[in-house]
Structure formats: structure tokens, C-alpha cells
Amino acid sequence: MYEIRLHSRGGQGGVTAAKVLAYAAFLDGKYATATPLYGAERRGAPVVSFIRVDDTPIRVYSQVRTPDLVIVLDASIMELVDVTAGLKEDGVVLINSPHPVEVKGHTTYTVDLTSIALSLKMVLAGNPILNTPLIGAIAKMGIISRESAEKAIAGTFPDERNVEAALKAFEELKI
Amino acid sequence: MLTIGTGNKAVALAVRDAKPVVVAAYPITPQTEIVEEIANYVTDGSMDARYIPVESEHSSMAACIGAAATGVRTFTATSSHGLVYMCEMLHMSAGARLPIVMANANRALGPGWNIGAEHSDSLSMRDTGWLQCYAGTAQEAYDATFMAFRIAEHANVLLPVMINLDGFLLTHITQPFDTIDPEGFLPPTNTPHAIDTHHPGGYGTLTTGSEHFKFRWDIERGMRNSVAVIREVEEAFAARYDRRYKMVEEYRCEDAEVVIIAMGTLGKEMEVAVDILRKEGVRAGSMRIRWFRPFPTIDLAGREVVVIDRDYSFGFGGILANELRAKCGCKPFSVIAGLGGQDVTYEDIASFVRMRTENGEHWFGVDA
């Protein structure tokens, strides 16, 4: 079972990103679950979502404690939250940032999702839309196929710029 | 059709496929998505139902009672404070023998305010005469909601059915599930005491001490009959759709010396704990109680029992543990865990089994 923990801020689309990611894995023929962790959510507050992908039905509902992958949609969260808590020894970190970020002891990828969203004028209620380009980046990492990523995004959002943003992130992320 | 969506979405799709005539509801976290989805289906024409947005849960059940009294299929959904607010109407609907189906997103009651999963809401409605089923997956939430109409409306039952799903843990998880071709599975409603507008008449509903017990006994007859009806409907469902359900879902129980018992999502998570314990050489198994009312007959003779309650009866103990003590004569190790959405992992569940004592009680997070 591949386990992902996604850190974001309320309003950034982390919960939706988790759903679309599970949808894409489902289209790949996998079993997948996405769970938002709800507290007293409000815009800007750090929030967490969990995604699990497996070849057999998933019976686990508890929080992901030892992720294989940690995704950080807003690098400033790393000053408030230990995003690597419980991360497996060979676990990987994916961060939305305009600059390379190093996380000690872990392979870390950075991609500038914010710039991709802004370049396509994808802004909702003042926030750049990060969830759909994120799906493209995850596809580049090989966790879901590019085809399923495109299908899952197109099946969720009618605006074609979302798929475009995902493909841009797919191109930009260097693995 | 194989699809992926939340537990709430699964319930809404099951309701769409069951084709109720009236849905009356009031939104409450974490149930809201169910009634939003149904409202969308009614708006876009994929459901031909009268959707009544009411001003409270008491009114939503009252509206369902009025509709069901005319003999039409009805549905509502609620959670937590909404459920306890409609309590009076729950007694009314069961007493009036109206086969209403309701989904309840299990959630804690405040204060302290909390929107996480807990079974205290539905279990406090234990003695209303409602049948109660607890789902463990989005698939089961879909299937159980759909089947609930046929069970409730069966001539030998005529009692309302509550389908429970753990708030957030199941209502908000995105999971794959399969929808069915519903055609012909649910017979048309046939409520023998439906209001007949062509032959209007009034009935006094006062029952004195020389009659009231007969009506109470008749509710119990319906409840006892429901055991066979649940089996019949779940078998018919399995024959047609190839998904099999029992009142109690057993996992690796054949040779089990210790059995973990729980309801809802913990009842799935504990299967992983069973696998861990088996690897350690513990002959463990698990039983997930799906139907709490009617309460199933379970043979626990010669087995150690660990019960996990996501609820509590203050001054007495874990509700499920005590139901099992009363019904099965077992001496379970009673664990109180998961209150208000407290995170409980399969590792935690395995540790409950390791620390078991006969008739002991353990509050997860409180006791050392």
C-alpha cells in the first residue's frame, strides 16, 4: 500500500486534489481512498488530507502515520508543522515552491505550481488553483499514469485550463 | 457501474436508484453532501421526487411521516444533534408503522463541540423501534441504503430503517464502489394502513392500557420478523448483484480463540489488526456487527471477546459491550475508543487485544 499525506492551507484545494488523485489511481485500475482530516477549517489554516493506493481493497480508515510521500502545497507550512513526521526512511517529499528546497535525509522534488496557475490565470477567490497542476506533478513521479491524470481532471473540472496546467507541471517537474 | 466517490455520494446514489416519492431533509455536517446531492438529482431531473427543504430535523421527520402515511416511499438523512432533535418523531414513525428510510452520519454530541465520528447519536435512539444498520464501506452504504427500502416496506416488518455511516471516516472518504441496475428489485410500496383520500375517515389514535401493549407487541413482532426479512432481502441482493451480506460480517473466525467486535469503519480496520495478531501467533478473528436492531444472535461460547465501543452509556459502560454481555453471556474486554473521531489505528486495535482481561474496561487515551 502506497500512502500519501498532503499538507495545504484551507482554500488551496488540497482536499479536492486528494479526491482527484484517488480518482486517477482508480482509473489506473487500483484501489484508492482519499480522506480529508477536518478540524475547525478556515481559509489559510494548515489542513491535511490522506491518500492510499493499493492493488487490493483498502480496509484502513485511520490517519496515515508513516507516509511514502509527503506533498506540501505551501512551503510556509513547514515553519509550523513537521511535515516529515513519520515519513518512511525511503520516503519522498514534493513541495510547491519557486526555489529548490532541501529536506534532510529525503529525496525532495520542487515544482512551482503557483506560477503555473497564475500563468494560466487560474485563480479562485484570490487563491491560485494548485490542485490540478499538482496532479500533473504526481503523474510525473509515476504514482498515477499521465492518461488517468488527464481523464480524472477533465472528469472533475469542465475548464480545460486544468488539464493544461497539469501537463505543464508534468513537463516542468524534473525527476 | 463501477465509480469512485464519497460515502455520502454512495448513499445519495442509492436513494436516487430507490426512487422515493418524497425526500424531506435538513442539512447538517457531516451529512450535508447527501441531501445536497439528492437536491441536485431532483433539480437536474435524474430523480422524480418531491424534495421538501424543511426548517428543522423535527420537521423533516414529521414531513416524512405525513408522506409515508399516504403510502409513498420516503427518505431523509441527518446526524448527531439533528437526530436527537427528531427523537420524538422517531417514536412517532415507528409507532405509526411507517417504513421510512433514513441515513444517519454518526457524529458526536456536544458540548464540547465536535463533528467527528461517534455512535452515541444513533445508539441513544436504540429503543425507538427503528431498525439500525451500520455500514463499513461506501459500497455497503450504497447497498444497505438501497436494500433498506425493501426491508422497511416488507408487509411483515413495516418499520423504519436507519442506515448509519461513520461521520467523515465514511461520509467523506473517497472510495471505489459499484452501482446497480435497480430495475425490479424494490417492489412498489404497499402500505396497508395508507391514508385513502377516496374514502376519507378519521381514526382515534388513543390507546388505553387495555390496548396499548398490543401495539407495542406488534412492533416487536415486526422487529422479530425483520431478521428473516433482512436475510431474504440480502440473499436476493446477492443472487442478483453478487454482493453478499450477513447481519454479522466475520473475518478469520473459524478457529479464532479471541474475537474482536465493533461496528462501522473500526469493524473494517480491525481486520488488519487480526492479520497482525495472526502473524504473532494469536488466533484472532473479528466480527463486524452490521445490524444492531434487530440484534443478531452470535455464538461466542469458548471464545475471548474484545469489544470496541465508539460510544458510552454513562454510569454503565460501553453500549455494544453490554448488549453482547446481555445477549451472548460473554465477558468481554470493553474498549472505549474513537469518540469524536479520535484516531484509532489497526496497531492500536492489536494492542487492545494484547492487553485484554475478562470483563475489563479500557478507555483509549485515558488509561495508561
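Since the model is a prediction, treat every value here as computed from it, not as a measurement.

## Some thoughts on the packing of helix 3 (residues 131-140) of chain A against helix 4 (residues 146-156) of chain A
All names here are of chain A.
Thinking step 1. Between helix 3 and helix 4, the shortest axis-to-axis distance is 9 Å and the interhelical angle comes to 165 degrees. Here helix 4 runs roughly antiparallel to helix 3, going by the angle between their axes. Where helix 3 crosses over helix 4, the two elements pack in a sense that is right-handed. Facing helix 3, whose interface residues are Thr 132, Ile 135, Gly 136 and Ala 139, helix 4 presents Arg 146, Ala 149, Ala 152 and Ile 153.

## Examining the sheet that holds strand 2 (residues 22-25) of chain B
Whether parallel or antiparallel, the strands of a sheet pair through hydrogen bonds between backbone atoms.
All names here are of chain B.
Thinking step 1. If you trace the seven strands from one edge of the open sheet to the other, you get 3-2-4-5-7-6-12, paired in mixed fashion. Every other strand in the sheet has two partners, leaving strand 3 (50-53) and strand 12 (291-293) as the edge strands with one partner each. Sheet twist, expressed as the mean angle between neighbouring strand axes with direction ignored, is 20 degrees.
Thinking step 2. The sheet contact formed by strand 6 (residues 131-134) and strand 7 (residues 161-166) spans four bridges and is parallel. If you follow Tyr 134 over to strand 7, its bridge partner there is Asn 164.

## Some thoughts on the pairing of strand 13 (residues 304-309) of chain B
All names here are of chain B.
Thinking step 1. The element strand 13 is extensively covered by neighbouring structure, given that six of its six residues are classed as buried.
Thinking step 2. Of the two faces of strand 13, both are covered, the one formed by Glu 304, Val 306 and Ile 308 as well as the one formed by Val 305, Val 307 and Asp 309.
Thinking step 3. The sheet contact formed by strand 13 and strand 14 (residues 333-336) spans four bridges and is parallel. Bridge assignment links Ile 308 to a residue of strand 14, and that residue is Val 335.
Thinking step 4. The parallel pair strand 13 and strand 14 is bridged by helix 10 (residues 319-328), and the resulting crossover is right-handed.

## Brief notes about the domain arrangement of chain B
All names here are of chain B.
Thinking step 1. Entries for chain B in the domain assignment read domain 1 (2-197 + 206-241) and domain 2 (248-363).
Thinking step 2. The C-alpha-based centres of domain 1 and domain 2 are spaced at 26 Å.
Thinking step 3. With 27 residues of domain 1 at the interface, the matching set in domain 2 holds 19 residues.
Thinking step 4. Put simply, the parts of the chain that give the side of domain 1 that touches domain 2 at least two residues each are helix 6 (120-123), strand 6, strand 7 and helix 8 (212-241).
Thinking step 5. Sort the elements by how many residues they give to the side of domain 1 that touches domain 2 and helix 8 lands first, with five residues.
Thinking step 6. Residue composition of the side of domain 1 that touches domain 2, by class: 13 nonpolar, 10 polar and four charged.

## A few points about the sheet that holds strand 9 (residues 248-251) of chain B
All names here are of chain B.
Thinking step 1. Reading across from one edge, 9-11-10-13-14-15 is the order of the six strands in this open sheet, with mixed pairing throughout. Unpaired on one side and paired on the other, strand 9 and strand 15 (361-363) mark the two borders of the sheet. Between one strand axis and the next, the sheet turns by 20 degrees as a mean value, whatever way the strands run.
Thinking step 2. Pairing between strand 14 and strand 15: three bridges, direction parallel. In the strand pairing of strand 15, Ser 334 is matched with Glu 361.
Thinking step 3. Helix 9 (residues 266-279) contacts strand 9, strand 10 (258-262), strand 11 (284-289) and strand 13 of the sheet and is inclined by roughly 175 degrees relative to strand 11.

## Things to note about the interface of chain B and chain A
Thinking step 1. Between chain B and chain A, the residue contacts involve 18 residues of the former and 16 residues of the latter.
Thinking step 2. Those elements that place two or more of their residues in the side of chain B that touches chain A are strand 8 (174-178) and helix 9 of chain B.
Thinking step 3. Sorting elements by how many residues they give to the side of chain B that touches chain A places helix 9 of chain B first, with four residues.
Thinking step 4. Taken together, the residues of the side of chain B that touches chain A break down into nine nonpolar, five polar and four charged.

## As for the packing of helix 1 (residues 14-27) of chain A against helix 3 of chain A
Residues and elements named next belong to chain A.
Thinking step 1. Put simply, helix 1 and helix 3 touch, their axes get as near as 9 Å, and they point 40 degrees apart. Relative to helix 3, the element helix 1 lies oblique. The two elements helix 1 and helix 3 cross, and the hand of that crossing is right-handed. Within the contact between the two elements, helix 1 uses Thr 16, Ala 17, Val 20, Leu 21 and Ala 24 and helix 3 uses Asn 131, Leu 134, Ile 135 and Ile 138.
Thinking step 2. Its residues placed into classes, the contact of helix 1 with helix 3 shows seven nonpolar, two polar and no charged.

## Describing helix 1 (residues 7-18) of chain B
Residue and element names in this part refer to chain B.
Thinking step 1. Here helix 1 is 12 residues long and its end C-alpha atoms lie 17 Å apart, about the 16 Å a rise of 1.5 Å per residue gives.
Thinking step 2. Every buried residue of helix 1 is accounted for by Gly 7, Asn 8, Lys 9, Ala 10, Val 11, Ala 12, Leu 13, Ala 14, Val 15, Arg 16 and Ala 18.
Thinking step 3. Lys 19 occupies a position one or two residues after helix 1 and carries a positive phi of about 55 degrees.

## Section: the nonpolar core
Thinking step 1. Membership of the largest hydrophobic core comes to 168 residues, with the highest contact counts inside it found for Leu 21 and Ile 135 of chain A together with Val 11 and Ile 260 of chain B.
Thinking step 2. Counting only domains with at least three residues in this core, you end up with domain 1 (2-197 + 206-241) and domain 2 (248-363) of chain B.
Thinking step 3. Here Val 11 of chain B is in contact with Ile 34, Ala 77, Ala 103, Ala 141, Tyr 142, Thr 145 and Leu 165 of chain B, once residues within four sequence places are set aside.

## A look at the environment of Thr 145 of chain B
All names here are of chain B.
Thinking step 1. For Thr 145, the location among the structural elements is in helix 7 (residues 138-153).
Thinking step 2. Put simply, Thr 145 and Val 11 are 134 residues apart on the chain and 6.3 Å apart in space, counted from C-alpha to C-alpha.
Thinking step 3. If we skip the residues at most four places from it in the chain, Thr 145 touches Val 11, Ala 14, Val 15, Val 101, Ala 103 and Ile 163.

## Some details on helix 4 of chain A
Thinking step 1. Taken residue by residue, helix 4 of chain A has Ser 148, Ala 149, Glu 150, Ala 152 and Ile 153 of chain A as its buried positions.
Thinking step 2. Buried-residue contacts for helix 4 of chain A involve helix 1, helix 3 and helix 5 (161-172) of chain A.

## A few points about the environment of Arg 354 of chain B
Residue and element names in this part refer to chain B.
Thinking step 1. Looking at where Arg 354 falls in the secondary structure, it is placed in helix 11 (residues 346-354).
Thinking step 2. By the C-beta count within 10 Å, which is 11 here, Arg 354 ends up exposed.
Thinking step 3. Sequence separation of Arg 354 and Val 306 is 48 residues, and the distance between their C-alpha atoms is 9.9 Å.

Cut-offs and rules
- Residues numbered from 1 in each chain as written.
- Chains lettered and ligands numbered in written order.
- Predicted model: local features only at pLDDT ≥ 70, side-chain atom pairs only at ≥ 80, totals over all residues.
- Axes fitted to C-alpha atoms, helices over the stretch in contact; angles between N-to-C directions.
- Helix = DSSP H or I, 4+ residues; strand = E, 2+ residues; numbered from the N terminus.
- Parallel < 35°, antiparallel > 145°, perpendicular 65-115°, else oblique.
- Left-handed = near helix turned anticlockwise from the far one by under 90°.
- Contact = placed C-beta atoms within 7 Å.
- Pairing = 2+ DSSP bridges.
- Buried ≥ 20, exposed ≤ 12 C-beta atoms within 10 Å, placed from the backbone.
- Right-handed = clockwise from strand over helix to strand, strands pointing away.
- Domains from an automatic or database assignment.
- Nonpolar A, V, L, I, M, F, W, Y, C, P; charged D, E, K, R; others polar.
- Expected span 1.5 Å × (residues − 1).
- Core = buried A, V, L, I, M, F, W, Y, C linked by C-beta atoms within 7 Å.

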